[in-house]
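Residue-level structure breakdown
Take a look at the letters that make up each chain.
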Amino acid sequence: MCGIIGYTGHLDALHVLLNGLEQLEYRGYDSAGIALFSSGNDRFIMKKAGPVATLKDACADVDIISHCGIGHTRWATHGGVNDTNAHPHIAGKVTLIHNGIIENYHNLIERFGLRDSLVSETDTEVAARVLDYYYKGDPYEAIRRTTREITGSYAFCIMFEDIHDQIFCVRNVSPMVAAHMKDGSFVASDVTAIIPYTNRYFVIPEYQIVTLRQDGISVQDLNGNPVEPEMLEVSWNVEAAKKNGYPHYMLKEIHEQPDALRNTITPRLNDGLPDFSEDGIPDRILSSCDKIAIVACGTAMYAGMVGKALIEPIIKIPVSVNIASEFRYENPLVDEKTLVIVISQSGETIDTLAALRLSRKCGARVLSIVNVKGSTIARESNYVFYTHAGPEIAVASTKAYMVQLASLYLIGCRTAMVRGKFSESDARTFISRLMDSIPAVQSVLADKDRLKAAASVLAKAQDAFFVGRGLDYAFSLEGSLKLKEISYIHAEAYAAGELKHGTIALIEENTPVIAVATQDKIYGKTVSNIKEVKARGAFVILITKENAEVSEDISDMHFTVPVPYDQFTVFPVAVILQLLAYYTSDMKGLNVDKPRNLAKSVTVE
Ligand code: F6R
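Residues numbered from 1 in each chain as written. Predicted model: local features only at pLDDT ≥ 70, side-chain atom pairs only at ≥ 80, totals over all residues. Heavy atoms only, no water.

**Re the overall build of the protein**
- Secondary structure assignment for the protein yields 18 helices and 26 strands.
- For the protein, the spread of C-alpha atoms along the three principal axes comes to 75 × 50 × 45 Å.
- Residues classed as buried in the protein amount to 60% of the 605 residues present.
- Here the analysis covers contacts within the protein between residues at least 6 apart in sequence; of these, 72% occur between residues at least 24 apart.
- Total accessible area on the protein stands at roughly 22500 Å², and carbon and sulfur atoms take up 47% of it. (Helix = DSSP H or I, 4+ residues; strand = E, 2+ residues; numbered from the N terminus. Buried < 20%, exposed > 50% of the residue type's maximum accessible area, 1.4 Å probe, protein only. Contact = heavy atoms within 4.5 Å. Areas by Shrake-Rupley, 256 points an atom, 1.4 Å probe, with all protein chains shown as cover.)

Next up, the structure:
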């Protein structure tokens, strides 16, 4: 949430910042702004409500030579979306950008008597004014004293008016990375903004002050002791973060799913069986727990729902799925015998991180399934299972969901083996079926144009319902989220048998119902539920296995998945549901990759 970029070096800073903000825009896109030191050491600020493109237009005629500056793209928390509330904020000698939330900003306004001096409605400006109050020429002292005053989460990037070529950074919780190469030093919210320049970077450690100079970066703790940061390397290149000919990142990422699945699964196979020794995940954490608690948000949580529906019946111990933002406030039943599986694409979602910290405090071992290397969740977990999806830029998650599922399937299989629930031969069969899901995903992609007709029906609807039973219900939850977040159509997912207990009252002539019926053992029951909505006028878009017996009168459109086994239909079904949402949004002319009110990485509570 909110994107930060800072640069000092030999390159044209305006160009570096605007390009960086375009890369980071998926983190928040309400407004954007930059601050630069000109070659005459004047401070220049431009900030605009709206997308980065509006800021770029506003900067088109800016004739300034600058080699040092900071930039920000905002997802509003405190104060409306307007030019004044956009970052950077200036207070005396301080220019500041911020990602996070200053929780005690009301107290700070009173304590520092700021009520009459504030020009914006933001918590960030309050932090800038406190920093300016403490700044008497020593940036480190001012930062130290300010951070002592502040409670909340923050990644700050600061310029001081009388230090023209340096940028100072400090963070608590909110992410920030830094890198130095021959052309200068960079700081950013994530690596997508610095990957055009270098693939070596470090995660700025919490509560340490980082100074960016043209010729290098130094890190010190709050007592002034030098710190050597741990360098990391990005395993993907700049091409991976481009659209590569697709009209949207989302469509590109949907098409990357077969590769993402292969990259996540195959390195963990040893002679056809799952093996996590390279990940450093010991079998004992899978065999010794007496329950599993999966914790995540949004799409990652829905991957967890599939994981529960798959794993619990196999390993026969309780598996719960928990909404991270609720988990920490409900005294969860987590102890030393619990394996907590945390799922997060970004590895920075603050609710998930808080749940992780609480779980560890309760004595649980935490295994996280994370896509972004070196992210906070990865670093704070006992064990990490990295998914290898590459960068996911579209705000709506697709390929990350797919590999989160694959990870849960692998973990489920290994757990069943080490707990004696799967023989070696069961595990081999399971894995070979998992691998067969990849061509099934490919075949849905090859036939995707057929889905456009269904999307054209959805595009005209105000409401849509997704129904299924068992695993199909778990898939439906994600299908419904995908549709609502990018097409703004009100969508609900229901366990099909539950409709008649209330929701069926909402079905009227032509209400779209996406019915997922791929589970043999309850197929007949699901069909009965589908007939119930059909009888009330629903427009039914049905998804079944290829070999299902389907009578013509139960659906208006019918799509099939080429997977014969109940447990593995999710992979191609997910692609159908993603594409339905994608085409619907596109047909409505919406901003598919950057839906309103959302941001990619949710780093505020
Ligand atoms: C929806 C979506 C979100 C994320 C959720 C968790 O398409 O992307 O629901 O899944 O915000 O994010 P991560 O996985 O980064 O923790």
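**Here we look at the side chain of S476**
- Within the secondary structure, S476 is located in helix α16 (residues 471–487).
- With a relative accessible area of 0%, S476 lands in the buried category.
- Once residues lying within four places of it in the same chain are set aside, the contact partners of S476 are F466, V467, G468, A493 and V516.

**Regarding the sheet that holds strand β20 (residues 365–370)**
- A sheet is described by the order of its strands in space; here five strands give the open sequence β18-β17-β19-β20-β21, paired in parallel fashion. Of all strands in the sheet, those bounded by a partner on one side alone are β18 (319–323) and β21 (383–386). In this sheet, adjacent strand axes meet at a mean angle of 20° when their direction is disregarded.
- Of the strand pairs in this sheet, β20 and β21 are connected by four bridges, and their pairing is parallel. (Pairing = 2+ DSSP bridges. Axes fitted to C-alpha atoms, helices over the stretch in contact; angles between N-to-C directions.)

**Side note on the sheet that holds strand β14 (residues 231–233)**
- What the eight strands build is an open sheet, ordered β3-β2-β4-β1-β10-β9-β11-β14; its pairing is antiparallel. Only two strands of the sheet have a single neighbouring strand rather than two, namely β3 (43–49) and β14. On average, adjacent strands in this sheet sit at an angle of 20° to one another, irrespective of strand direction.
- With respect to the sheet, helix α2 (residues 52–59) is in contact with β2 (31–38), β3 and β4 (66–74), its orientation differing from that of β3 by roughly 135°.

**Points about the pattern of salt bridges**
- In this structure the tally under the stated criterion is 31 salt bridges.
- In this structure, the salt-bridge partner of E141 is R144, at a minimum N-O distance of 3.5 Å. In this pair, E141 and R144 both sit in helix α5 (residues 139–149), three residues apart, roughly one turn of the helix.
- According to the relative accessible area criterion, R144 is buried, its value standing at 14%.
- When the shortest N-O distance is used, the salt bridge between R262 and D259 registers 3.2 Å. Note that R262 and D259 are positioned in helix α7 (residues 257–265) at a spacing of three residues, about one turn of the helix.
- A residue is classified by how much of its surface remains accessible, and D259, at 46% relative accessible area, is partly exposed.
- When salt bridges with common partners are traced through the structure, they connect E206, R357 and E380 into a single cluster. (Salt bridge = Lys/Arg side-chain N within 4 Å of Asp/Glu carboxyl O.)

**Section: the site of the ligand**
- Residues in close proximity to the ligand total 13 residues, the closest being S344, Q345, S346, T349 and E485.
- A distance of 2.6 Å is found between an oxygen atom of the ligand and a backbone nitrogen or oxygen belonging to Q345.
- A distance of 3.4 Å is found between an oxygen atom of the ligand and a backbone nitrogen or oxygen belonging to V395.
- For the ligand, whose unbound accessible area comes to 410 Å², protein coverage reaches 90%.
- Considering each element in turn, the shell around the ligand owes the most residues, three residues, to helix α9 (residues 298–315).
- Taken together, the residues that form the shell around the ligand break down as four nonpolar, seven polar and two charged. (Near = heavy atom within 4 Å. Polar contact = N/O pair within 3.5 Å; in protein donor to acceptor, adjacent residues only side chain to side chain. Nonpolar A, V, L, I, M, F, W, Y, C, P; charged D, E, K, R; others polar.)

**As for the packing of helix α13 (residues 399–418) against helix α14 (residues 424–446)**
- Where α13 meets α14, the closest approach of the two axes is 10 Å, and the angle between their N-to-C directions is 170°. Here α13 lies roughly antiparallel to α14, going by the angle between them. Across the interface between the two elements, M402, Y409, L410, C413 and M417 from α13 touch A427, F430, I431, L434 and V441 from α14. (Parallel < 35°, antiparallel > 145°, perpendicular 65-115°, else oblique.)

**Focus: unusual backbone geometry**
- Cis peptide bonds are those with omega within 30 degrees of zero, and the linkage from H87 to P88 qualifies with 0°.
- For P88, the position within the fold is in the loop between β4 and β5 (89–91).
- A positive phi angle, near 60°, is found at K316, a position not held by glycine.
- Secondary-structure assignment places K316 in the loop between α9 and β18.

**Focus: the pairing of strand β13 (residues 216–221)**
- Relative to β13, strand β12 (residues 208–213) runs antiparallel, the two sharing six bridges. Paired with I209 across the strands is Q220, a residue of β13.
- Taking the residues that link successive antiparallel strands as the turn, the β12-β13 hairpin has two residues.

**Observations concerning the state of the cysteines**
- Under the counting rule described, the total for this entry stands at zero disulfides.
- The cysteine C68 is free of any disulfide, with C157 supplying the nearest cysteine sulfur at 9.6 Å. (Disulfide = S-S within 2.5 Å.)

**Some remarks on the packing of aromatic side chains**
- If you walk through the whole model with that rule in mind, you get 16 aromatic pairs.
- Seen in terms of ring centroids, Y7 and F186 are 4.9 Å apart; in terms of plane orientation they differ by 45°. Their pairing is tilted. Within this pair, whereas Y7 is found in strand β1 (residues 3–9), its partner F186 is found in strand β10 (residues 184–188), the two being separated by 179 residues in sequence.
- Overall, F186 belongs to the buried group, its relative accessible area being 0%.
- Relative to F568, the ring of Y409 has its centre 5.6 Å away and its plane inclined at 55°; by these criteria the two rings are tilted. Of the two residues, Y409 is situated in helix α13 and F568 in the loop between β26 (557–561) and α18 (570–587); the sequence distance between them amounts to 159 residues.
- Taking the relative accessible area as the measure of exposure, Y409 reaches 0% and is therefore buried. (Phe/Tyr/Trp six-rings, centres within 6.5 Å; stacked < 30°, edge-to-face > 60°.)

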